[in-house]
Amino acid sequence: MRRYWGNWAGFAVFLLITCLGAVLRYLWIVKIPNPPIMDFLGYYKTALSFYRHQGLAVDGEPAGYVGIMYPLVLGCYFLLVGHSDVFTAKVFNVIISTASLVVFFFMMRKLLPNRRLAMAGYLILALLPNYIAYNSVLGSEILFTFLFAVTLWISITKVDNRWRYPLLGILCAVTALTRPFFLAYPAVLVMLHWIQTKSLKRSVAMAASVFVAMALTLSPWIYRNYKTFDAFIPVSYNGGVNLFINNNSDNLHGGYMPLEKVTPREGFKEKLRSVGAEYPQYSPKLEPLYRAEAQHWIVTHPLQFLQLGVAREKLTFFSGANDIEMWAIAENANKNTRRFMLFRHISDIVIHVLSGCGLLFLLINIPKTVVAIVRKRRIADFPSVILTMNILFYAAIYFVFEGQARYNFPVLFLLVIATLAFAYNAMQFDRLMEKDPVKPQSLQ
């Protein structure tokens, strides 16, 4: 107990904050109306299909366009509790969101220098508007963030490597089944392992263990997709179209745009016709063609791609909390009240502060991370490298794909930790300067 909370009083504060976070999440789903729409409605329908023993399908069509793990786990929860209404799905979100809080705390005890700072971060995360509001959204954000947090926590916790490496592979596979881009995350784990150990042999062994466990975990779903779609699909088949609609000459803002709004090259239309399709048709077998076309545009339009990448980062990290209004509150809800506007303004400020401090943290620690990668000795400030590489991983994904405020959700707890670390280091520097101030040089 002393290791994590210090004493019984610290443990009591931890329980109080956890209960506060859980109650606020539950009150939100009770008080704020928000029926599932768009992609969220598709997730719910897939969970219902599984619950009714009709397979993993959306409106009778086999699921596979997006990651399957959230609707699958939600469907299992429906089977466990015996009913499947929308409120039940939101209660499931509250349970997972509260469990995430606990994982966040243990992680902060690893990455922050003292208990008080970790407890302050825990309180911020319990009260963070996004982490409360998204409990009413039937999307993959909460489950994905929980799985990612567990993966990161296991990677930095002292566990027998014979169990840790395969477990990380399994967690990476399950998390990738929730959000497909997580297939690339083992590269981050391997790089962090190299930075920490500086042993090429051990890092290669770690990579092999993770990738084998990951492949074995994904193999049943890959086989199912091959039998269903007659194509090799590791997780989902929306990667090609997402890359295409976000990297073209018609996309000027870096956000989502409908496929039919993109003007394709005539040569690309001919490629589609050669396989019996007409633009803007899309199917699993057409996914490689759309992906190749997007990659062609990126290579031939490097400056425009960079401009879109910057726009996507801005949309993701510096759009405030407009995603709460868009996705977590029903469209017909009364949003023209002083109470709601105050909530919205506070939420915007919180996100801008976290993103701004996170950016400063990155600017300070990216050079340190580069040095940690190339030099032969281990680095002393490993927690900063962990935060830097994980935030950069998501920033790199969003630089290439779509940008929107909803996608900052899994990074927010990292930004909270980075903000507290940045503030703590700044305070320590000020105290050092007070004890040993630098004398100004003479102007003579």
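What counts, and where the lines are drawn
- Every chain is numbered independently, its residues counted from 1 as its sequence is written.
- Confidence filtering applies because this is a predicted model: local features only for residues at pLDDT of at least 70, side-chain atom pairs given and counted only at 80 or more, and all residues used for totals across whole chains, interfaces and linings.
- To obtain the side-chain values, all non-hydrogen atoms of the structure were used and water was disregarded.
- Runs of H or I in DSSP of at least four residues are treated as helices and runs of E of at least two as strands, each being numbered from the N terminus.
- Two things to know: the radius of gyration comes from C-alpha atoms, and the globule rule equals 2.2 Å times the number of residues to the power 0.38.
- Working definition: with a 1.4 Å probe on protein chains only, accessible area under 20% of the residue-type maximum means buried, over 50% means exposed, and in between means partly exposed.
- We call two residues in contact whenever any of their non-hydrogen atoms come within 4.5 Å of each other.
- All accessibility values rest on the Shrake-Rupley procedure with a 1.4 Å probe; residue burial counts only the protein chains present in the view.
- In this tally Asp and Glu are treated as negative and Lys and Arg as positive; neither His nor the chain ends contributes.
- Each charge is placed at NZ for Lys, CZ for Arg, CG for Asp and CD for Glu.
- Patch membership requires more than 30% relative accessible area and the absence of a salt bridge. Residues of like charge join within 9 Å; the nonpolar side chains Val, Leu, Ile, Met, Phe, Trp and Tyr join within 5 Å.
- The salt bridge criterion pairs a side-chain nitrogen of Lys or Arg with a carboxyl oxygen of Asp or Glu, the two atoms within 4 Å.
- The span one expects for a helix is its residue count, reduced by one, times 1.5 Å.
- In this analysis the local bend is the angle between axes fitted, respectively, to the seven residues ending at and the seven residues starting at the residue.
- Here, nonpolar core means buried Ala, Val, Leu, Ile, Met, Phe, Trp, Tyr and Cys residues that are tied together by side-chain atoms lying within 4.5 Å of each other.
- Here the axes come from fitting lines to C-alpha atoms, over the contacting stretch only for helices, and the angles between their N-to-C directions go from 0 to 180 degrees.
- Roughly parallel covers angles under 35 degrees, roughly antiparallel covers those over 145, roughly perpendicular covers 65 to 115, and oblique covers all other angles.
- Handedness of a crossing follows from how the near helix is turned relative to the far one, being left-handed for an anticlockwise turn of less than a right angle and right-handed for a clockwise one.
- Every residue carries a pLDDT, the predictor's confidence in it, which falls somewhere between 0 and 100.
- Aromatic rings from Phe, Tyr and Trp, taking only the six-membered ring of Trp, are treated as a pair when their centres fall within 6.5 Å; an angle between ring planes under 30 degrees marks them as stacked, one over 60 as edge-to-face, and anything in between as tilted.
- Look at NZ for Lys and CZ for Arg. If either is within 6 Å of the ring centre and within 35 degrees of the ring normal, a charge sits over the ring.
- Any N or O atom pair separated by 3.5 Å or less is treated as a polar contact, with the protein-specific requirement of one donor-capable and one acceptor-capable atom, and with residues adjacent in sequence counted only for side-chain atom pairs.

Caption draft 1: Structural detail: the overall build of the chain. Check the secondary structure of the chain and you find 18 helices and two strands. By the compact-globule yardstick of 22 Å for 444 residues, the chain fits well, its C-alpha radius of gyration being 23 Å. Overall size of the chain, expressed as C-alpha extent along the three principal axes, is 75 × 55 × 50 Å. Buried residues in the chain amount to 52% of all 444 residues. Taking contacts inside the chain between residues at least 6 apart in sequence as the whole, the part at least 24 apart equals 73%. Accessible surface for the chain amounts to roughly 21,800 Å². Of this, 66% is attributable to carbon and sulfur atoms. For the chain, the distance from the average site of its 42 positive side-chain charges to the average site of its 24 negative ones is 14 Å.

Caption draft 2: How the structure looks around the environment of Ala-294. Along the chain, Ala-294 falls in helix 13 (residues 287-300). Considered as a pair, Ala-294 and Ser-84 are 210 residues apart in the sequence and their alpha carbons are 39 Å apart.

Caption draft 3: Focus on a nonpolar patch on the surface. A cluster of nonpolar side chains, namely Ile-366, Val-370, Val-374 and Leu-392, defines an oily patch on the protein surface of about 320 Å² accessible area. In terms of residue count, the dominant contributor to the nonpolar patch is helix 16 (residues 338-374) (three residues). With respect to the helices and strands, the residue Leu-392 is situated in helix 17 (residues 382-400).

Caption draft 4: Examining helix 16 more closely. Spanning 37 residues, helix 16 covers 53 Å between terminal C-alpha atoms, matching the ideal 54 Å at 1.5 Å per step. Taken as a whole, helix 16 carries its principal kink of about 40 degrees at Asn-365; the proline Pro-367 stands between one and four residues after it.

Caption draft 5: Summary view of the nonpolar core. Phe-78, Leu-125, Phe-148, Phe-182, Tyr-185, Tyr-394 and Phe-413 are the most contacted members of the largest nonpolar core, which has 111 residues in total. With sequence-adjacent residues up to four places away left out, Tyr-185 is seen in contact with Phe-148, Thr-151, Leu-152, Cys-172, Asn-390 and Phe-393. By size, the runner-up hydrophobic cluster in this structure holds 14 residues, among which are Val-241, Ile-245, Val-262 and Leu-272.

Caption draft 6: The arrangement of the packing of helix 1 (residues 8-31) against helix 5 (residues 115-127) in detail. The interhelical angle for the contact between helix 1 and helix 5, taken along N-to-C directions, is 15 degrees, at an axis separation of 9 Å. Viewed along their axes, helix 1 and helix 5 adopt a mutual orientation that is roughly parallel. Considering only the axes of helix 1 and helix 5, their crossing is left-handed. Of the residues in helix 5, those touching helix 1 at Gly-10, Val-13, Phe-14, Ile-17, Thr-18, Leu-20, Gly-21, Leu-24 and Arg-25 are Met-119, Tyr-122, Leu-123, Leu-125, Ala-126 and Leu-127.

Caption draft 7: Main features of the pattern of salt bridges. Applying the stated criterion across every chain yields a total of 12 salt bridges. Here Glu-266 and Arg-273 are joined by a salt bridge, their closest N and O atoms 3.3 Å apart. The class of Glu-266 is partly exposed, set by a relative accessible area of 46%. Given the relative accessible area of 34%, Arg-273 is considered partly exposed. One salt bridge connects Glu-325 with Arg-344, and the closest N-O pair in it is separated by 2.4 Å. In this pair, Glu-325 is assigned in helix 15 (residues 322-327) and Arg-344 in helix 16, connecting sequence segments 19 residues apart. Here Glu-325 falls in the partly exposed class, since its relative accessible area comes to 26%. Judged by relative accessible area, Arg-344 falls into the buried class, the value being 17%. A single network of salt bridges, built from pairs that share partners, joins Glu-266, Glu-270, Arg-273 and Glu-278.

Caption draft 8: Helix 3 (residues 69-81), seen in detail. The end-to-end C-alpha distance of helix 3 is 18 Å, a good match for the 18 Å that 13 residues give at a rise of 1.5 Å each. Listed in full, the buried residues belonging to helix 3 are Met-69, Tyr-70, Pro-71, Leu-74, Gly-75, Tyr-77 and Phe-78. Considering only its buried residues, helix 3 is in contact with helix 2 (38-51), helix 4 (86-111), helix 7 (141-156) and helix 8 (161-176). Positioned one or two residues after helix 3, Gly-82 has a phi angle of 90 degrees, which is positive.

Caption draft 9: Spotlight on the confidence of the model for the chain. For the chain, per-residue confidence averages 90 on the pLDDT scale, and residues scoring 70 or more make up 94% of the total. Predicted confidence for residues 432-444 stays below pLDDT 50, and this span has one contact to residues more than four positions away or in other chains.

Caption draft 10: Broad picture of the packing of aromatic side chains. All chains considered together, the criterion is met by 47 aromatic pairs. Ring plane angle 90 degrees and centroid distance 6.2 Å describe the contact between Tyr-44 and Phe-78, whose orientation is recorded as edge-to-face. Here Phe-78 lies in helix 3 and Tyr-44 lies in helix 2, a separation of 34 residues in the sequence. Stacked on the ring of Phe-144, the Lys or Arg Arg-179 has its end atom at 5.3 Å from the ring centre.

Caption draft 11: Spatial organisation of the environment of Glu-287. Tracing the chain through its elements places Glu-287 in helix 13. Taking the C-alpha atoms as reference, Glu-287 lies 9.8 Å from Phe-244; in sequence the two are 43 residues apart. The contact partners of Glu-287, leaving out residues within four places of it in the chain, are Tyr-237, Gly-239, Gly-240 and Tyr-282. A distance of 2.9 Å separates a polar side-chain atom of Glu-287 from the backbone nitrogen of Gly-240.

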